[in-house]
Amino acid sequence: MDQVIDKIIDTLLAYIWSPLIALETMIADYLPGQDIAALIAYAVYVLIILAGGFLAIASRNLVRAMLGLVLTFLGVAGLYLLLACPFLAFMQILIYVGAVCVLIFFAIMLTRNTNEGEESKLPGIGSAIYGFFAFVLPLGILGPLIIINVPKLELKDYGQTDTKLLGEGLITNDVFSFELISIILLVAMAGAVFLAWRRRPTPDEAPK
Amino acid sequence: MELSLLSFVQIIIACLLIIGLMVGNAVIMVYIERKAAGFIQRRPGPYEVGPRGTIQAICDAMKLLGKQLFIPGNVDWALYFLAPVLAFLPVLVLFLPIPFGKYLTTLQVDDGILLILAFAGLGVISNILAGWASNNKYGLLGAARAVAQSVAYEIPMIMALLAVVFLTGSLNLTAIVERQGTWPWEWNIAYQPLACFIYFVSLVGETNRAPFDLPEAESELTAGFHTEYSGMGFALFFLSEYANMLLVSFVCATFFLGGYRGPILDGFWWTFIKAYAVMCVIVWLRWTFPRVRFDQLLNINWKWLLPLSILNLWVTAIIIKFID
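Residues numbered from 1 in each chain as written. Chains lettered and ligands numbered in written order. Predicted model: local features only at pLDDT ≥ 70, side-chain atom pairs only at ≥ 80, totals over all residues. Heavy atoms only, no water.

Enquirer: Honestly, the overall build of chain B in this entry has me stumped. Any pointers?
Expert: For chain B, the count of helices and strands is 12 helices and zero strands. Along chain B, from the amino end to the carboxyl end, the secondary structure elements read α-α-α-α-α-α-α-α-α-α-α-α. Overall, chain B is about 65 × 45 × 45 Å in size when its C-alpha atoms are taken along their principal axes. Sorting the 324 residues of chain B into buried and exposed places 55% on the buried side. Look at the contacts in chain B between residues 6 or more apart in sequence, and 76% of them connect residues 24 or more apart. Of the roughly 14,900 Å² of accessible surface on chain B, 71% is carried by carbon and sulfur atoms. Side chains of chain B give 19 positive and 20 negative charges; the mean places of these two sets differ by 9 Å. (Helix = DSSP H or I, 4+ residues; strand = E, 2+ residues; numbered from the N terminus. Buried < 20%, exposed > 50% of the residue type's maximum accessible area, 1.4 Å probe, protein only. Contact = heavy atoms within 4.5 Å. Areas by Shrake-Rupley, 256 points an atom, 1.4 Å probe, with all protein chains shown as cover. Lys, Arg positive; Asp, Glu negative; His and termini not counted. Charge placed at Lys NZ, Arg CZ, Asp CG, Glu CD.)

Right under this line is the structure:
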């Protein structure tokens, strides 16, 4: 009986794996010495990031553009996972998707949304040329460098994330940058409150 | 975490079970909620369909399934259809790190609570997209309220959970349960009563339940962000609301009520009993308290919950430092 079950499981596994193995050998011919699963995961995340970026610049509507930004942030979080830092990946989603994007949406709603802003028109020739250079220059400089040294990709079992180590690092070695960032955020917050502050008129000087 | 076929199959099976749990939970909770509402408001509640109205929820589900999908004019159709799907998708991920029993966890994640908090943020995005895409003033107002409310209530919620993480020294949910004892006075609610209270209040705020259901306040905004949704679109929002309620109850049971540990016979039944007790309190709260005004809602959060949670965190840190 056990043998029969084993045989069934083996057949099922072979059925699931065989297309994957075929794909694996195909890719292995082109890129020797790489972990295929890691490559596929990397490709998926990069595609998500690029699709998000494209959506963000190509939409004629600010809310759709914001959705592109959300997609990009999710892809970057995936890359953090691939780098075996789940803590950073979750923080990326928690802060950027859960807070920053939601606040951006709030800002969009506070402004007049008549679909007549800059984003609703096609860009002019000048900005198209600038955009082209902004795309080609980093590609031309960084692209060959990346192609020359393709890093070895692998899926790691990340085991324990040492949150304690991270916290200790923040208050010992990197305490200066940590405090600097805190001060910048505090100044930004105080500045926002100062700009938005309007003294409430007392009853006798209230506008008639 | 092992990257093997076995763990993959395990996750698939767990996800199917979780979907079953979510659907079953919605059906049961709708019945409990309507009966409780009837009892509190001195009326019978559902009683026509089936013995004591037990099949009413299933009939409602059938009605929603059969309803025509109505698309109002001038909506942003891509976002209009994306929003309910986006409300439901992250819920599956949210249940991954919940320890139902000692070994009954879908995926042991070391930063489990961070995973839950991170993906819970996607629910807000679906609410605001729904409100925005339906091209409706009520919807937009509901979305604006959802943003302000969820951003506000997320902060004391995280602070309250952080106090427990301070006690345990781990973000892993199983480790948090393991640190608590078997008897009620050994649970975290005995060590962190203030954090438990803050978490409970912000949980009601995060899940948009009355008395904090301002994003869908039906007396002012018709139905808020999901005004324009009918049929399955509405059903998905409804299902995800109940799933989120179930999730925060499980997190509450894990963090403050000792999870799967109980006076006798540790096991997953304790998690379920505790989580459903929390759910019943949420239902009870909904039908007892009147809806607060929006400025009151924000004042409760920024003037009371946030300072209290910071104070609680501070005192916890100092006490831990002195005891060590």
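From this point, the discussion proceeds with the structure in view.
Enquirer: What should I look at first to understand the overall build of chain A in this one?
Expert: For chain A, the count of helices and strands is seven helices and zero strands. Mapped in sequence order, the helices and strands of chain A form the string α-α-α-α-α-α-α. The proportion of buried residues among the 208 residues of chain A is 18%. Restricting to contacts in chain A with at least 6 residues of sequence separation, those with at least 24 account for 60%. With the model as given, the accessible surface of chain A reaches about 15,800 Å², and the carbon-plus-sulfur share is 73%.

Enquirer: I keep staring at the packing of helix α1 (residues 5-40) of chain B against helix α11 (residues 268-288) of chain B and nothing clicks. Help me out?
Expert: The description of two packed helices rests on the angle between their axes and on the distance between the axes. All names here are of chain B. Their axes nearest at 10 Å, the elements α1 and α11 cross at an angle of 40 degrees. Classified by the interaxial angle, the pair formed by α1 and α11 is oblique. The two elements α1 and α11 meet at a crossing, and its hand is right-handed. Note on element contacts: α11 touches α1 through Phe 272, Tyr 276, Met 279, Val 283, Trp 284, Arg 286, Trp 287 and Thr 288, opposite Leu 21, Asn 25, Met 29, Glu 33, Ala 36, Ala 37 and Ile 40. Taken together, the residues that form the contact of α1 with α11 break down as 11 nonpolar, two polar and two charged. (Axes fitted to C-alpha atoms, helices over the stretch in contact; angles between N-to-C directions. Parallel < 35°, antiparallel > 145°, perpendicular 65-115°, else oblique. Left-handed = near helix turned anticlockwise from the far one by under 90°. Nonpolar A, V, L, I, M, F, W, Y, C, P; charged D, E, K, R; others polar.)

Enquirer: How do you make sense of the pattern of salt bridges when you look at a structure like this?
Expert: All names here are of chain B. Tallied over the entire structure, the rule returns five salt bridges over all chains. Among the salt bridges present, the one from Arg 34 reaches Asp 60, with a minimum N-O distance of 2.8 Å. Here Arg 34 is found in helix α1, whereas its partner Asp 60 is found in helix α2 (residues 56-66), with 26 residues between them in sequence. Among the salt bridges present, the one from Glu 241 reaches Arg 209, with a minimum N-O distance of 3.7 Å. (Salt bridge = Lys/Arg side-chain N within 4 Å of Asp/Glu carboxyl O.)

Enquirer: Just checking my understanding: could you explain a nonpolar patch on the surface for this structure?
Expert: A cluster of nonpolar side chains, Ile 125, Ile 129, Phe 132, Phe 133, Phe 135, Val 136, Leu 137, Leu 139, Ile 141, Leu 142, Leu 145 and Ile 146 of chain A, forms an exposed patch at the surface whose accessible area comes to about 1,200 Å². By relative accessible area, which is 67% here, Ile 125 of chain A ends up exposed. (Patch = residues over 30% accessible without salt bridge, like charges linked within 9 Å, V, L, I, M, F, W, Y side chains within 5 Å.)

Enquirer: Even after reading the chapter, I still don't get unusual backbone geometry, so can you show me in this structure?
Expert: A negative phi angle characterises most non-glycine residues, just as the trans form characterises most peptide bonds. Residues and elements named next belong to chain B. We note that Arg 42 has phi near 55 degrees; this positive angle belongs to a residue other than glycine. For Arg 42, a relative accessible area of 80% gives the class exposed. With a phi angle near 55 degrees, Asn 208 is a residue other than glycine that sits in the positive phi range. With respect to the helices and strands, the residue Asn 208 is situated in the loop between α8 (193-206) and α9 (218-221).

Enquirer: How should I be thinking about the packing of aromatic side chains in this particular structure?
Expert: A ring pair, where both rings are aromatic, is described by two values, the distance of the centres and the angle of the planes. Residue and element names in this part refer to chain B. Evaluated as defined, the whole model comprises 18 aromatic pairs over all chains. Grouped by ring-pair contacts, the aromatic residues Phe 95, Phe 100, Phe 250, Phe 268, Trp 269 and Phe 272 constitute a single cluster. Across the ring face of Tyr 191, the terminal group of Arg 179 is positioned such that the distance to the ring centre comes to 5.6 Å. For the cation-ring pair, Lys 274 lies above Trp 187, with the distance from its terminal atom to the ring centre recorded as 4.2 Å. (Phe/Tyr/Trp six-rings, centres within 6.5 Å; stacked < 30°, edge-to-face > 60°. Lys NZ or Arg CZ within 6 Å of the ring centre and 35° of its normal.)

Enquirer: I keep staring at the interface of chain B and chain A and nothing clicks. Help me out?
Expert: It is common to give the size of an interface as the accessible area that goes away when the parts come together. Residue-level contacts link 31 residues of chain B with 31 residues of chain A. The junction of chain B with chain A conceals about 2,700 Å² of combined surface from both sides, 78% of it contributed by carbon and sulfur atoms. For the pair chain B and chain A, the interface holds zero salt bridges. Applying the counting rule to chain B against chain A returns one residue pair in polar contact (both at pLDDT 80 or more). Counting only elements with at least two residues in the side of chain B that touches chain A, the list comes to α3 (77-94), α4 (112-133) and α5 (137-168) of chain B. (Buried area = accessible area lost by both parts, 1.4 Å probe. Polar contact = N/O pair within 3.5 Å; in protein donor to acceptor, adjacent residues only side chain to side chain.)

Enquirer: Would you mind showing me how to read the environment of Met 232 of chain B here?
Expert: Residue and element names in this part refer to chain B. Take Met 232: it is sitting in helix α10 (residues 231-256). In this structure the C-alpha to C-alpha distance between Met 232 and Lys 67, which are 165 residues apart in sequence, comes to 7.6 Å. Met 232 has contacts with Leu 64, Leu 65 and Leu 69, leaving out every residue within four places of it along the chain.

Enquirer: Would you mind going over the packing of α5 of chain B against helix α12 (residues 294-323) of chain B with me for this structure?
Expert: Residues and elements named next belong to chain B. Contact pair α5 / α12: the axes reach a minimum separation of 9 Å and the direction vectors enclose 15 degrees. Classified by the interaxial angle, the pair formed by α5 and α12 is roughly parallel. For the pair α5 and α12, the crossing hand works out as left-handed. In terms of residue class, the contact of α5 with α12 is made up of 21 nonpolar, five polar and one charged.

Enquirer: For this particular structure, what's the right way to read α8 of chain B?
Expert: Three or four residues apart is the spacing at which side chains of an α-helix point the same way, because the helix has 3.6 residues per turn. All names here are of chain B. Over its 14 residues, α8 extends 20 Å from the first C-alpha to the last, a length consistent with the 20 Å expected when each residue adds 1.5 Å. By the burial criterion, the buried members of α8 are Ala 195, Cys 196, Ile 198, Tyr 199, Phe 200, Val 201, Ser 202, Leu 203, Val 204, Gly 205 and Glu 206. Looking at the packing, one finds that the buried side of α8 touches α5, α7 (188-191), α10, α11 and α12. Asn 208 sits one or two positions beyond α8 and adopts a positive phi of about 55 degrees. (Expected span 1.5 Å × (residues − 1).)

Enquirer: Before we go on, may I ask you to explain the nonpolar core in this structure?
Expert: Generally speaking, a soluble globular protein has its nonpolar side chains buried in company with each other. Core analysis: the biggest nonpolar cluster contains 108 residues, and Phe 105 of chain A together with Phe 95, Tyr 199, Val 251, Phe 255 and Phe 256 of chain B have the highest contact counts within it. In terms of residue count, α4 of chain B provides more of this core than any other element does, 15 residues in total. Setting aside anything within four residues of it in sequence, one finds Phe 105 of chain A in contact with Val 63 and Met 66 of chain A together with Ile 128, Trp 132, Ala 143 and Val 147 of chain B. (Core = buried A, V, L, I, M, F, W, Y, C linked by side-chain atoms within 4.5 Å.)

Enquirer: What should I look at first to understand the environment of Lys 67 of chain B in this one?
Expert: Tracing the backbone through its elements, the reader meets Lys 67 of chain B in the loop between α2 and α3. Under the relative-accessibility criterion, Lys 67 of chain B is labelled partly exposed at 41%.

Enquirer: Which parts of the structure should I look at to understand the confidence of the model for chain A?
Expert: For any part of a model where pLDDT is low, the fine detail of the predicted coordinates should not be relied upon. For chain A, per-residue confidence averages 79 on the pLDDT scale, and 79% of positions sit at 70 or higher. Mean pLDDT across the elements of chain A bottoms out in helix α1 (residues 2-30) of chain A (73) and peaks in helix α7 (residues 175-196) of chain A (90). (pLDDT = per-residue confidence, 0-100.)

Enquirer: How do you make sense of the side chain of Ser 170 of chain B when you look at a structure like this?
Expert: Residues and elements named next belong to chain B. Topologically, Ser 170 is positioned in the loop between α5 and α6 (173-179). Overall, the relative accessible area of 18% leaves Ser 170 in the buried class. Here the side chain of Ser 170 touches Asn 172 through a polar contact of 3.0 Å, landing on its backbone nitrogen.

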